[in-house]
Structure formats: structure tokens, C-alpha cells
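Remarks on the overall topology
Residues per chain, in single letters:
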Amino acid sequence: MRVFLNRFAAPRALLMVLLMVFLSSLLLTLPAHAQVTPAADAPLTTSSAGAAITGPERALQMLESSTGLGVPAMTVTTQPDGSLNYTVSIQILMLMTALTLLPALLMMMTSFTRILVVFAILRQALGLQQTPSNQILLGLALFLSLFIMTPVLEQVNVRALQPYLSEQLTAGQALAEAELPFREFMMAQTRESDLALFMELGAATPVASQQEIPFTVLVPAFVTSELKTAFQIGFMLFIPFLVIDLVVASVLMAMGMMMLSPIIISLPFKIMLFVLVDGWAMVIGTLAASFGT
């Protein structure tokens, strides 16, 4: 244990030195307006009771009155149409908070769910436990989802992102415009029965058009439809491999080799069949075509 600690003592000390140097350089490079120092001839501020305000309270007042720091940078203004416009500080804070929801958005609002479920069923049908690995399947599903969602992302870029960067739209308006391409994509892949189910479960009021369906109803209905479609595709993939398993099991039983596992014998035949028919290209092409791309 002592040898183990001595081995990591030097890198830890070096890391602490580098951290102290970095913090020292950061403090030295602070701009002049970031240092809250009262001027010599500045008037003494008094409270409502007439007592002089000194120390932390005066420093807080000076910080709030500065132009580049403090609370005034975080303001909300009301537009003529009644919408709210947030400053850059609040927008950055909201963006960083939204990044934590990125994995959920990836699974709930894109083609990622259907693709990953089909790949998992395919691996199970082949009889392979860890090949391809989970990392490979996740990476393939991610990039295939990016390929399928490219038209939707391009619409979001044209309708929401670029006008927002050019200050033609506020943050709220850009978010509303970005919602429309995703709504159209999910509505095209969602079954009406699933929409009716979640409208009934949520006791939602009847809507006149599909654009009025709330997102809280559309997203779970879309995910349910994706799971149904993925299981249907997986069932079609399972049939040929199931036939091979049945044939191999029947042959082994007829030969009296009941102690030999049919999975060991059928696995090479299933892999050979999958390779001969170019199975990966067929599966990926079928998945892409199922979204109308």
C-alpha cells in the first residue's frame, strides 16, 4: 500500500501545483472592472435609517450598479406582443439545463428507439450474446438516427436556429419554430390508436387538428408506436433463424444426440445465412425505408 501511495504522490503534487498556477494566472488576468474597489472620492451610501453602509453591503451595491457584472445582467423584458425576452445569461443557463435532457430527447423524439430495439432483437435471434457489443450497436444506432433525422434537423436550422442567431426571433419564438419539424416527424410515425389512447388517459380536450395535440400526449404515443413497429420488424427477422433452430434440433434428436446443444450447431448456419444474404445492408435499408427516407 505504501508503494502504491508513493507512486501517485508525485502526479498529485504536480496537479496541485498546476492548479495553483492556473488560478493565480486567472486572478492576474481579471479585467479592471471586475475588481470591486470603492473610489477615494465616492460618496458614502446611507441606509433608510441614516446609518452609513459599509463592508459587504456597500460592495454588493457597487456590484449591482456595475454595467458588466451582477444581477442587472439577468433581466427579463416583456415584448409588445406579450412574450418574454431573456438576457444572454439566462439563455445560457437554460441551455445548460436543457443539455441534461438531451439523452431523453434523443430516445423519445427521434428514430433512435426503433433502430436500437431492432438491433437488440437481431442479436438475440442470431444467438449472439455480446457480439456486436453494446457500444457498437449504440454507435451504429446513433449515426443511423442522425442520417434519418437529417431532413428534420435541416428544417430546424433554417426555421429556428439561423433566425435566432441573426436576432430575428427571440428564444421563445425559436423554440416554437423548432418544435414544428419534430412534431411533423412524430405525427407521421405515430398510430392514431396510440394518440387516442393517451388522449383518453390524459383526459385531454378534443382537438380540431393534429397541430393542437399537446406534446405531453404526442411524445408517449410516438414512443409506443415506435416500440410496436420495432417488435414487428424484429418478429420478421426472428422467423428464418427460428426455422434453422427447429431444423437443427430435429436432426439432432433424430440422430439421438440429445445431449448436444442445438444452439452450438445452428449458430454457424445462422451466421452463414445472414452473411450470404447481406443481412446488415438489408436490415439497415429496411429501417431507413420504414421512416420514409
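This report concerns the structure included in the present document. Note that the structure is a prediction, hence the values are computed from the model and not measured.

Parameters at a glance
Residues numbered from 1 in each chain as written. Predicted model: local features only at pLDDT ≥ 70, side-chain atom pairs only at ≥ 80, totals over all residues. Heavy atoms only, no water. Helix = DSSP H or I, 4+ residues; strand = E, 2+ residues; numbered from the N terminus. Buried < 20%, exposed > 50% of the residue type's maximum accessible area, 1.4 Å probe, protein only. Contact = heavy atoms within 4.5 Å. Patch = residues over 30% accessible without salt bridge, like charges linked within 9 Å, V, L, I, M, F, W, Y side chains within 5 Å. Areas by Shrake-Rupley, 256 points an atom, 1.4 Å probe, with all protein chains shown as cover. Salt bridge = Lys/Arg side-chain N within 4 Å of Asp/Glu carboxyl O. Axes fitted to C-alpha atoms, helices over the stretch in contact; angles between N-to-C directions. Parallel < 35°, antiparallel > 145°, perpendicular 65-115°, else oblique. Nonpolar A, V, L, I, M, F, W, Y, C, P; charged D, E, K, R; others polar. Left-handed = near helix turned anticlockwise from the far one by under 90°.

Moving on, we come to the overall build of the chain. From N to C terminus, the chain includes 12 helices and two strands. Order of helices (α) and strands (β) in the chain, N terminus to C terminus: α-α-β-β-α-α-α-α-α-α-α-α-α-α. When each of the 293 residues of the chain is scored for burial, the buried share is 24%. Of the contacts made within the chain by residues no fewer than 6 positions apart, 62% connect residues no fewer than 24 positions apart.

Turning to the environment of T224, a few remarks are in order. Among the secondary structure elements, T224 is positioned in helix α10 (residues 215-254). Residue T224 is classed as partly exposed on the basis of its relative accessible area, which comes to 23%. For the pair T224 and R191, spaced 33 residues apart in sequence, the C-alpha to C-alpha distance is 8.9 Å. In contact with T224, not counting residues within four places along its chain, are D194 and F198.

A cluster of nonpolar residues, F235, M236, I239, V243, V247, V251, M255, M257, L260 and I264, forms a patch on the protein surface that exposes about 930 Å² of accessible area. Considering every element that reaches the nonpolar patch, the biggest residue donor is α10, with six residues. Assignment of secondary structure puts I239 in helix α10.

Running from amino to carboxyl end, helix α6 (residues 134-148) crosses helix α7 (residues 150-165) at an angle of 60°, the nearest separation of the two axes being 4 Å. Looking at the two axes, α6 sits oblique to α7. Contact with α6, carried on its side by L146, F147 and I148, involves T150, P151 and L153 of α7 and no other residues of that element. Partitioned by chemical class, the residues of the contact of α6 with α7 number five nonpolar, one polar and no charged.

Before going further, it helps to examine the packing of helix α5 (residues 112-126) against helix α12 (residues 279-290). Contact geometry for α5 and α12: axes closest at 11 Å, N-to-C directions at 150°. By the criterion of interaxial angle, the relationship of α5 to α12 is roughly antiparallel. Judged by the sense of rotation from one axis to the other, the crossing of α5 with α12 is right-handed. Of the residues in α12, those touching α5 at R114, I115, V118, F119 and L122 are W280, V283, I284, L287 and S290. Its residues assigned to classes, the contact of α5 with α12 shows eight nonpolar, one polar and one charged.

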